[in-house]
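Coordinates in review
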There are 2 protein chains.
Amino acid sequence: MRKRSITSYDVAKAAGVSQSAVSRAFSPNASIAKATRERVLEAAKELGYQPNAIARSMSSARIGAQQKTGLIGVIFTRFEDPFFARMVADLSRSVQACGWQMLLFTVDTHSEVDSALNTLMQYKIDGAIIMSTILSDQMAQTCRAREIPVVLFNQSVEGLDVNSVQIDNRGGGRLATECLVETGHDRIAVVGGETGDATLMARETGFVEYLLEAGVELFIREEGNFTFSSGREAGLRLFSRRESPDAVFCVSDVMALGVLHAARFELGLQVPQDFSLLGFEDIPAAEWPGHSLSTIRQPTRRMIRDAVNILVDNMQDLDSSPRRERYKGTLILRESCRKRNLPEATQR
Amino acid sequence: MRKRSITSYDVAKAAGVSQSAVSRAFSPNASIAKATRERVLEAAKELGYQPNAIARSMSSARIGAQQKTGLIGVIFTRFEDPFFARMVADLSRSVQACGWQMLLFTVDTHSEVDSALNTLMQYKIDGAIIMSTILSDQMAQTCRAREIPVVLFNQSVEGLDVNSVQIDNRGGGRLATECLVETGHDRIAVVGGETGDATLMARETGFVEYLLEAGVELFIREEGNFTFSSGREAGLRLFSRRESPDAVFCVSDVMALGVLHAARFELGLQVPQDFSLLGFEDIPAAEWPGHSLSTIRQPTRRMIRDAVNILVDNMQDLDSSPRRERYKGTLILRESCRKRNLPEATQR
DNA sequence: AGATCCTATGCATGCGCTTGCAAGTACTGT
DNA sequence: ACAGTACTTGCAAGCGCATGCATAGGATCT
């Protein structure tokens, strides 16, 4: 048999006040005498009473209420990647700092997002942040209809009226390529992502674009799926051909590390003597001494802060037009790139 | 002005039944005619109705009810570590698979756990999983009083009546040390964790214990705080002395990689020629070609599965005595350890 | 002292749903 | 045909809290 838990009525009785007084004691701006509040809080403490957040949002469900559930839905994917894992941690802290709780849902593919959102909406979330994946046009409309603000993090969908916060992937791709071209590489390879991934594709687009403008021909393209092992395999393929690239741009750091490990430890190549390597994201492992991977850094903290702020703003003003924030990436030059045009000696 | 959302009453009207019928249509085992259910579901679909999980758990709050909030609180720390990040991902999937939602709370220190739990309890979570951190005796009692099952993951507290699921850290430490001793190392160093961390301490205890039994003297101890950079610094210290260790056991993989990078890339040492290296956990990066780090592997998947199962069992039978599952670690021998007793040549 | 105003409090209602109970319906067997 | 049974269904009572409204005290002013 289940025990009844302590309710505001119990506290009311103990403090000799009405239940409403208890409720008011726990609402910051309610009209209640200081002495009464203290007495109530005292009694509450003694009984171990904690307001029931569920019931609270239940009664606040009335039309026009301010207080809501305090729940933020977060949909997440690609958890394996340290870059994203770190982001959930940061996001979690930001969300908590705003007094919200984070309802986390993990999905494996873009197609699961809609149903995940549906599930989360049953919990009447006050808003949602969707990390590294996208939602359908239809679901975006549903969210708008139900007045649930949504922010896409690290992704965006062309023509979809949804807030988004992401790095300028194309610009980052250009930046990376510029660095490689300027330092005199002329056999530049790219390890891109699957065509379905807009983020990775944009980085590659920036790469191709810059190459075209600079009049440098693309040496070769390989493809990976965002994992270390796919990067490793791409690396093995890249350097098994008769002529090898003298620079490799990978659209993600983990893949770049895959290439690095394959080249250096399986094929005996040297970086940057044999080829320059550039990644994207700046994960912690990029700066480990043995990696020293040059990369395009994302202003992650700031992006997370902004994502949360946009969510808050949007909750205040439900009709505000969607914001699409873009951030410039920064080139972090480490030892995986050769610094200037080297003499013939470097060529193999 | 906020729109009223669609409720079971709207569906009831549309389907020409009572509100209770709608409720029953959405409850798997309720007494309702098949035809009626279909009609209701049809109408619900048309109106875009989704049961309100908050209201649902609200009314199920009555004494003895089966259905609860469907919320599982997860308290998490040390998110930076890839090993733990991975675990949240897996856990998230397991929890979802059981039809629960995961309410994630991130803490930075053990001391925040109690208040985190308090916050989560306001949401009337059905249970909690606490990852890599601990709770106070008092809070454990509170949870029991409120009948909220708790499982400690990867931690346990001596003498505390709380379910726990963790690797046999001491045994793992022994296993690691045995490997090093058997292969003829005699200047064995350890990079331990801070004394407050029971998990890391247990690994070290196993290490010291075995050394003692084997009659091998501890060469030197360094300390880290579970991060790559603390491992790196420990590594620099270890090899800056006049006499260097010929083996290093690190109580976590990230720290071991810190040592590896420092030794190999900053000090120019070779592994395993100059010294053998052993970690603990088997994170993905451990098997990267350039690392090939020997380590003690944890049966993570199984541990997560069991943690969830224990939670479920405990929810069914609230008075069952706490279970404390222990798992044996497996020694994964990679190239960072020399395989047999080598001739004098190895010594420096 | 009386009128006026403001603050503090209690009462009562409802948020959307589940569920015990009673009533209704259909079906079975004799 | 009628009692007995098994299913369905609607009614209504909460779940724990927030809040509009009315009211009771004070405090302030004239």
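Residues numbered from 1 in each chain as written. Chains lettered and ligands numbered in written order. Predicted model: local features only at pLDDT ≥ 70, side-chain atom pairs only at ≥ 80, totals over all residues. Heavy atoms only, no water.

1. Some remarks on the nonpolar core
Of all hydrophobic cores here, the largest spans 144 residues; its most connected members are Leu104(A), Leu277(A), Leu104(B) and Leu277(B). Not counting residues up to four positions away in its chain, the partners in contact with Leu277(A) are Val248(A), Cys250(A), Ala256(A), Val259(A), Leu260(A), Val271(A), Leu293(A), Ser294(A), Ser336(A) and Cys337(A). In this structure, Met121(A), Val150(A), Ala128(B) and Val150(B) belong to the second largest nonpolar core, which totals 48 residues. (Core = buried A, V, L, I, M, F, W, Y, C linked by side-chain atoms within 4.5 Å. Buried < 20%, exposed > 50% of the residue type's maximum accessible area, 1.4 Å probe, protein only. Contact = heavy atoms within 4.5 Å.)

2. As for the pattern of salt bridges
Residues and elements named next belong to chain B. Counted under the stated rule, the structure contains 36 salt bridges over all chains. The residue Glu-223 makes a salt bridge to Arg-221 at a minimum N-O spacing of 3.0 Å. Among the residues examined, Glu-223 registers a relative accessible area of 35% and is labelled partly exposed. As a salt-bridge pair, Glu-222 and Arg-237 come within 2.6 Å of each other at their nearest N and O atoms. A residue pair is termed long-range when its members are at least 10 positions apart, and Glu-222 in strand β7 (residues 220–223) and Arg-237 in helix α10 (residues 228–238) qualify at 15 residues. You can call Glu-222 buried: its relative accessible area is 11%. (Salt bridge = Lys/Arg side-chain N within 4 Å of Asp/Glu carboxyl O. Helix = DSSP H or I, 4+ residues; strand = E, 2+ residues; numbered from the N terminus.)

3. Observations regarding the confidence of the model for chain A
When pLDDT is averaged along chain A, the result is 90; 95% of the residues meet or exceed 70. Segment residues 343–348 of chain A is flagged for pLDDT under 50; beyond a separation of four residues in sequence, or across chains, it makes six contacts in the model. (pLDDT = per-residue confidence, 0-100.)

4. Details of the interface of chain A and chain B
Taken residue by residue, the interface counts 58 residues in chain A and 58 residues in chain B. For the pair chain A and chain B, the two sides together bury roughly 5600 Å², of which 60% comes from carbon and sulfur. The interface formed by chain A and chain B holds two salt bridges in total. A salt bridge links Arg93(B) to Asp108(A), with the nearest nitrogen and oxygen atoms 2.5 Å apart. (Buried area = accessible area lost by both parts, 1.4 Å probe.)

5. Some points on the protein's contact with DNA strand D
For DNA strand D, the set of nearby residues contains 29 residues, the closest of which are Ser8(A), Ser23(A), Tyr49(A), Thr36(B) and Ser59(B). For DNA strand D, the backbone portion of the atoms within 4 Å of the protein, that is sugar and phosphate, comes to 55%. Interatomic distance of 2.4 Å between a side-chain N/O atom of Ser23(A) and a phosphate oxygen of DNA strand D. Contacts to DNA strand D include Arg24(A), whose side-chain N or O atom sits 2.9 Å from a base oxygen. Among the elements of the structure, α1 (8–15), α2 (19–25) and α4 (53–59) of chain A together with α2 (19–25) and α4 (53–59) of chain B are those that each provide at least two residues to the surface near DNA strand D. Tallied by class, the residues present in the surface near DNA strand D amount to eleven nonpolar, 13 polar and five charged. (Near = heavy atom within 4 Å. Polar contact = N/O pair within 3.5 Å; in protein donor to acceptor, adjacent residues only side chain to side chain. Nonpolar A, V, L, I, M, F, W, Y, C, P; charged D, E, K, R; others polar.)

6. A look at the packing of aromatic side chains
Residue and element names in this part refer to chain B. A complete count under the given rule lists eight aromatic pairs over all chains for this structure. For the ring pair Phe-239 and Phe-275, a centre distance of 4.5 Å and an interplane angle of 40° mean the geometry is tilted. Separated by 36 residues along the polypeptide, Phe-239 in the loop between α10 and β8 (247–250) and Phe-275 in the loop between α11 (253–266) and β9 (276–278) bring together distant segments of the chain. Here the two residues Phe-239 and Phe-275 agree in accessibility, since each one is buried. (Phe/Tyr/Trp six-rings, centres within 6.5 Å; stacked < 30°, edge-to-face > 60°.)

7. Structural notes on the sheet that holds strand β4 (residues 150–153) of chain B
Taken together, the twelve strands give an open sheet; going across it, the order is β11(A)-β5(A)-β4(A)-β3(A)-β1(A)-β2(A)-β2(B)-β1(B)-β3(B)-β4(B)-β5(B)-β11(B), and neighbouring strands pair in mixed fashion. This sheet does not close on itself; its edge strands, each paired only once, are β11 (324–327) of chain A together with β11 (324–327) of chain B. If you compare each strand with its neighbour and ignore which way they point, the axes differ by 20° on average. Pairing of strand β3 (residues 127–131) of chain A with strand β4 (residues 150–153) of chain A involves four bridges; the strand directions are parallel. Opposite Ile130(A), over in β4(A), you have Leu152(A) as the bridge partner. (Pairing = 2+ DSSP bridges. Axes fitted to C-alpha atoms, helices over the stretch in contact; angles between N-to-C directions.)

8. Some thoughts on the protein's contact with DNA strand C
Thr36(A), Ser8(B), Gln19(B), Ser23(B) and Tyr49(B) are the nearest of the 30 residues found near DNA strand C. For DNA strand C, the backbone portion of the atoms within 4 Å of the protein, that is sugar and phosphate, comes to 57%. Contacts to DNA strand C include Ala33(A), whose backbone N or O atom sits 2.8 Å from a phosphate oxygen. Arg56(B) has a polar side-chain atom sitting 2.7 Å from a phosphate oxygen of DNA strand C. For the surface near DNA strand C, the secondary-structure elements that each account for two or more residues are α2 and α4 of chain A together with α1 (8–15), α2 and α4 of chain B. Partitioned by chemical class, the residues of the surface near DNA strand C number eleven nonpolar, 14 polar and five charged.

9. Details of the sheet that holds strand β7 (residues 220–223) of chain A
Neighbouring strands of a sheet are bound in pairs by backbone hydrogen bonds; such pairs are parallel or else antiparallel. Residue and element names in this part refer to chain A. Read across the sheet, four strands follow the order β7-β6-β8-β9 without closing on themselves; strand pairing throughout is parallel. Two strands bound the open sheet, and with one partner strand each, they are β7 and β9 (276–278). Strand after strand, the sheet turns through a mean of 15° between neighbouring axes, direction not considered. Both strand β6 (residues 188–192) and strand β8 (residues 247–250) contribute to a ladder of four bridges, which runs parallel. Paired with Ile-188 across the bridge in β8 is Ala-247. Helix α9 (residues 198–214) contacts β6, β7 and β8 of the sheet and is inclined by roughly 160° relative to β6.

10. Some words on the relation of the copies chain A and chain B
For the pair chain A and chain B, the superposition axis carries a translation of 0.0 Å, the fit reaches an RMSD of 0.1 Å, and the rotation angle comes to 180°. The superposition operator between the copies reduces to a two-fold rotation axis. Distance from the rotation axis, computed per C-alpha, reaches its smallest value in chain A at Leu103(A): 2.4 Å. (Least-squares fit on C-alpha atoms with pLDDT ≥ 70 in both.)

11. As for the environment of Ser244(A)
With respect to the secondary-structure elements, Ser244(A) resides in the loop between α10 (228–238) and β8. A sequence separation of 25 residues divides Ser244(A) from Phe219(A), and the C-alpha atoms of the two residues are 8.9 Å apart.

12. Considerations on the packing of helix α6 (residues 113–122) of chain B against helix α7 (residues 137–145) of chain B
Residues and elements named next belong to chain B. Close contact between α6 and α7 brings their axes to 10 Å; oriented N to C, the two are set at 15°. Between α6 and α7, the crossing angle belongs to the class labelled roughly parallel. Between α6 and α7 the crossing geometry is left-handed. Contacts between α6 and α7 involve Asp-114, Leu-117, Asn-118 and Met-121 from the first element and Met-139, Thr-142 and Cys-143 from the second. (Parallel < 35°, antiparallel > 145°, perpendicular 65-115°, else oblique. Left-handed = near helix turned anticlockwise from the far one by under 90°.)

13. Concerning the packing of helix α5 (residues 82–97) of chain B against helix α12 (residues 300–316) of chain B
Residues and elements named next belong to chain B. Relative orientation of the contacting elements α5 and α12 amounts to 45°, with a least axis distance of 10 Å. It follows from the interaxial angle that α5 and α12 lie oblique. As α5 packs across α12, the resulting crossing turns out to be right-handed. Contacts from Phe-83, Arg-86, Met-87, Asp-90, Leu-91, Ser-94 and Val-95 of α5 reach α12 at Thr-300, Arg-301, Ile-304 and Val-308.

14. Looking at unusual backbone geometry
Cis geometry marks the peptide bond from Val271(A) to Pro272(A); its omega dihedral reads 5°. Within the element layout of this structure, Pro272(A) appears in the loop between α11 (253–266) and β9. One non-glycine residue, Ser132(B), lies in the positive phi region at around 60°. As for its placement among the helices and strands, Ser132(B) is situated in the loop between β3 (127–131) and α7. Not every positive phi belongs to a glycine, and Phe226(B) is a case in point at roughly 80°. Here Phe226(B) is to be found in the loop between β7 and α10. Look at Phe226(B) and you get buried, because its relative accessible area is 7%.

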